Every structure is written in structure tokens, then in C-alpha cells.
Amino acid sequence: MPAPRPSQSAEAARAAAAQAEFNEKKWVWVPDDKDGYLAGWVVREEDDVGEVVMAAGGEIRKVPIYALSKMNPPKFDRVDDIADLTFLNEASVVHNLRLRFGSGAIYTYSGLFLVAINPYQSLPLYSDAIVHQYRNKRRDENPPHIFAVAERAWVNMGEERENQSILITGESGAGKTESTKKVIQYLAAIATDAHAPSLTPSHSQSPSLAGAGSFNTVVPASGLWVWRPHFEGPSWSP
Ligand SMILES: Nc1ncnc2c1ncn2[C@@H]1O[C@H](COP(=O)(O)OP(=O)(O)OP(=O)(O)O)[C@@H](O)[C@H]1O
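Remember, predicted model here, so these are calculated numbers, not experimental data.

Digging into helix H5 (residues 176-190)
Move 1: Between its terminal C-alpha atoms H5 stretches 21 Å, which fits the 21 Å expected from 15 residues at 1.5 Å a residue.
Move 2: Those residues of H5 lying buried are Lys176, Ser179, Thr180, Lys182, Val183, Ile184, Tyr186, Leu187, Ala188 and Ile190.

And the structure:
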């Protein structure tokens, strides 16, 4: 068996060191008014109160045990799917999303769902090359992306011969409209394939996309935003 490359062994050593350091202490997330959650480790527990040493600065805080959240080992840092976390608590979810966002990954799966964090800047995530990268690929073959969701809907439409719905939800300014545009961009790009169905537009999000497909929008009073691509084709497979 060939020896691992230096970068691989250095990475493995770093991971082992991080794991060893993690194993030495009882790591927890401590709620914090300013930062949301801060890392620390419990040194004593008494009468349902934990004495926690804060990792940044070494300050000691006394916190009710119920308010502490278990931390996942470092090997779970930046997981693609939040559902893979051993300890699934709000603090760990926020930590994972924060780490990923810090390295430019705005998309993360949460089981069947995709979480998108608004970057408020233009990222090189939506080029034709990236459309191509997601075409005909399973979800686990690529990093999480809105294109993977659109791809799944498209494939399901062909396999199940049923209309598909994609629910895009979030608070005002979260990026629902942008996400919808990305879905339409993806479907418009792949619908030009030779085997694409003949689609009849009934409503388009963007005039330039008229003719790319049939887009029925439903905007319920609840504020949830639903976009439903409608498929009608005689005999078609994705
Ligand atoms: N994926 C993204 N990449 C870059 N910028 C984005 C992205 N998503 C959102 N934004 C930025 O955030 C702004 C607000 O997003 P958007 O209009 O999609 O929010 P919304 O959820 O539809 O808001 P509202 O509910 O108020 O209509 C966009 O104008 C854009 O500048």
C-alpha cells in the first residue's frame, strides 16, 4: 500500500490531535447573549448547575445543566448534512452552519431539506459549469446545492410522472426569490436537453425564462412561498 502523501498524513495528525484534545474534556455549548453559543468544558456538576470553563479566555461560568448542549467531536465539523450530527441540538446546528458559511459553503442539507444562508454577495456558484456538475448526479456526489434540489425534482418528475413541488421558505430577505431564480435557472438550462418534455408556460418568474417551462406560483396567506413546476409530456424520460 503506498504511503500517504505528506499533506494527507499532516491532515490525519491534525484530526487525531483535535480528537485527542476533545476526548480529554466534557465539551459543551454555553448559551451566550452576545455570541449565541460559546464553547466550554464542564469541570464540576452540583445541584443541576454546571461549572464551565470557557474555551476562549478561561473564564468560569455557572450554568444550569439543562441550558448546556453537548458538543459533537471535531470529525463532525462542516458535515454536509446536519442530520449526521451525533448530538442534534440548536447549538451544534448553528456551529456547523457558521463553520460552513465561513468557508464559503452557504448550502447545507438537513435530512430532506436544504438550508441556504444568504451571503449578501455574488458567489461563483451558479455558472453553466456548475449546472453541468449537478446534472444527472445523485445528491451525495456533490456538495449541497440548490441545483441538487432542482435536479431531484426534475428526475422525480420523469420517474414518477407526477408534478413536483419545491417549498422555499424563510423570513423576509432570507433569499427565497433568489433561490427560486436559481431553481428556474437550473431547470431552464437542462430543459434545453434533446429529451426534454414539451412544456407550456403558464406563468414565468422572469420574462427571459418564458418558454423554459410551466411555472405555477402559489402564494398562500401564511407567507409561505410555493413554486410548482408543471409537467405535461407525451413520453419522456429525464
Ligand atoms: N444566493 C444568493 N447569492 C447572493 N445574494 C443573495 C442570495 N440570496 C439572496 N441574496 C441577496 O439577498 C437579497 C434578498 O433576497 P431575496 O429577495 O431573495 O429575499 P426574499 O426571501 O425573497 O425576501 P422577501 O420575502 O422580503 O421578498 C437579494 O436581493 C440578494 O441581494
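Anyway, onward from the coordinates.
Some words on the sheet that holds strand E5 (residues 69-70)
Move 1: Read across the open sheet, the five strands follow the order E4-E3-E2-E1-E5; overall the sheet is antiparallel. Here the strands that pair on one side only, and so sit at the sheet edges, are strand E4 (60-64) and E5.
Move 2: Pairing geometry for strand E3 (residues 49-54) and E4, over five bridges, is antiparallel. Bridging from a neighbouring strand, valine 53 pairs with isoleucine 60 of E4.

Here's the deal with the site of the ligand
Move 1: For the ligand, the set of nearby residues contains 13 residues, the closest of which are Asn118, Ser172, Gly173, Lys176 and Thr177.
Move 2: Between the ligand and glycine 175, the relevant distance is 3.0 Å, taken from an oxygen atom to a main-chain nitrogen or oxygen of the residue.
Move 3: One of the backbone N or O atoms of glutamate 178 is found 2.9 Å from an oxygen atom in the ligand.
Move 4: In isolation the ligand exposes 630 Å². Once the protein is present, 67% of that is buried.
Move 5: Partitioning the shell around the ligand into residue classes produces four nonpolar, six polar and three charged.

Remarks on the layout of surface pockets
Move 1: Space inside the largest pocket adds up to approximately 880 Å³.
Move 2: Taken together, 32 residues make up the lining of the largest pocket; nearest its centre are Leu112, Phe113, Leu114, Val149 and Ile166.
Move 3: If you list the elements that add at least two residues to the lining of the largest pocket, you get strand E6 (107-110), strand E7 (113-116), helix H4 (146-160), strand E8 (166-168) and H5.
Move 4: The element that contributes the greatest number of residues to the lining of the largest pocket is H4, accounting for eight residues.

Some thoughts on the UniProt feature "binding site: ATP" (unreviewed entry) in the protein
Move 1: Within this structure's numbering, the places UniProt gives as "binding site: ATP" (unreviewed entry) are Gly170, Glu171, Ser172, Gly173, Ala174, Gly175, Lys176 and Thr177. From the set just named, the residues that line the largest pocket comprise Gly170, Ala174, Gly175 and Lys176.
Move 2: Following the sequence through the fold, glutamate 171 ends up in the loop between E8 and H5.
Move 3: In this structure, serine 172 sits in the loop between E8 and H5.
Move 4: For serine 172, a relative accessible area of 73% corresponds to the exposed category.

Some thoughts on the pairing of E7
Move 1: As defined by bridge partners, E6 adjoins E7 across four bridges and the pair is classed as antiparallel. The residue bridging tyrosine 107 from the neighbouring strand is alanine 116, located in E7.
Move 2: Counting the residues that bridge the hairpin from E6 to E7 gives two residues, and of these glycine 111 lies at a positive phi of roughly 65°.

Things to note about the packing of aromatic side chains
Move 1: Scanning all chains against the criterion turns up four aromatic pairs.
Move 2: Taking the centre distance of 5.2 Å and the plane angle of 65° together, the rings of tryptophan 27 and tryptophan 41 count as edge-to-face. Remark: tryptophan 41 occurs in strand E2 (residues 36-46) and tryptophan 27 occurs in strand E1 (residues 27-32); sequence separation between them is 14 residues. Across the pair, exposure class does not vary: tryptophan 27 and tryptophan 41 are buried alike.

What about the confidence of the model for the protein?
Move 1: Averaged over the protein, the pLDDT score is 83; the fraction of residues at 70 or greater is 78%.
Move 2: Long-range and interchain partners of residues 197-215, a stretch whose pLDDT sits below 50, account for 39 contacts in this model, where long-range means more than four residues apart.
Move 3: The model gives residues 231-238 a pLDDT under 50, and that stretch makes 24 contacts with residues more than four places away or in other chains.

Digging into the pattern of salt bridges
Move 1: The full count for this structure, using the stated rule, is 14 salt bridges.
Move 2: One salt bridge connects lysine 34 with aspartate 35, and the closest N-O pair in it is separated by 3.9 Å.
Move 3: When its relative accessible area of 33% is taken as the criterion, aspartate 35 is described as partly exposed.
Move 4: We note a salt bridge from aspartate 140 to arginine 138, for which the minimum N-O separation is 3.1 Å.
Move 5: According to the relative accessible area criterion, arginine 138 is exposed, its value standing at 53%.

Here is what the cut-offs are and how they apply
- Residues numbered from 1 in each chain as written.
- Predicted model: local features only at pLDDT ≥ 70, side-chain atom pairs only at ≥ 80, totals over all residues.
- Heavy atoms only, no water.
- Helix = DSSP H or I, 4+ residues; strand = E, 2+ residues; numbered from the N terminus.
- Expected span 1.5 Å × (residues − 1).
- Buried < 20%, exposed > 50% of the residue type's maximum accessible area, 1.4 Å probe, protein only.
- Pairing = 2+ DSSP bridges.
- Near = heavy atom within 4 Å.
- Polar contact = N/O pair within 3.5 Å; in protein donor to acceptor, adjacent residues only side chain to side chain.
- Areas by Shrake-Rupley, 256 points an atom, 1.4 Å probe, with all protein chains shown as cover.
- Nonpolar A, V, L, I, M, F, W, Y, C, P; charged D, E, K, R; others polar.
- 1 Å grid on protein atoms, 1.4 Å probe; cavity = no way out; pocket = protein on both sides within 12 Å on 5 of 7 lines; lining within 4 Å.
- Points joined across faces, edges and corners; volume = space filled by probe spheres on them.
- UniProt positions renumbered as here; feature names shortened; annotations may be inferred.
- Phe/Tyr/Trp six-rings, centres within 6.5 Å; stacked < 30°, edge-to-face > 60°.
- pLDDT = per-residue confidence, 0-100.
- Contact = heavy atoms within 4.5 Å.
- Salt bridge = Lys/Arg side-chain N within 4 Å of Asp/Glu carboxyl O.

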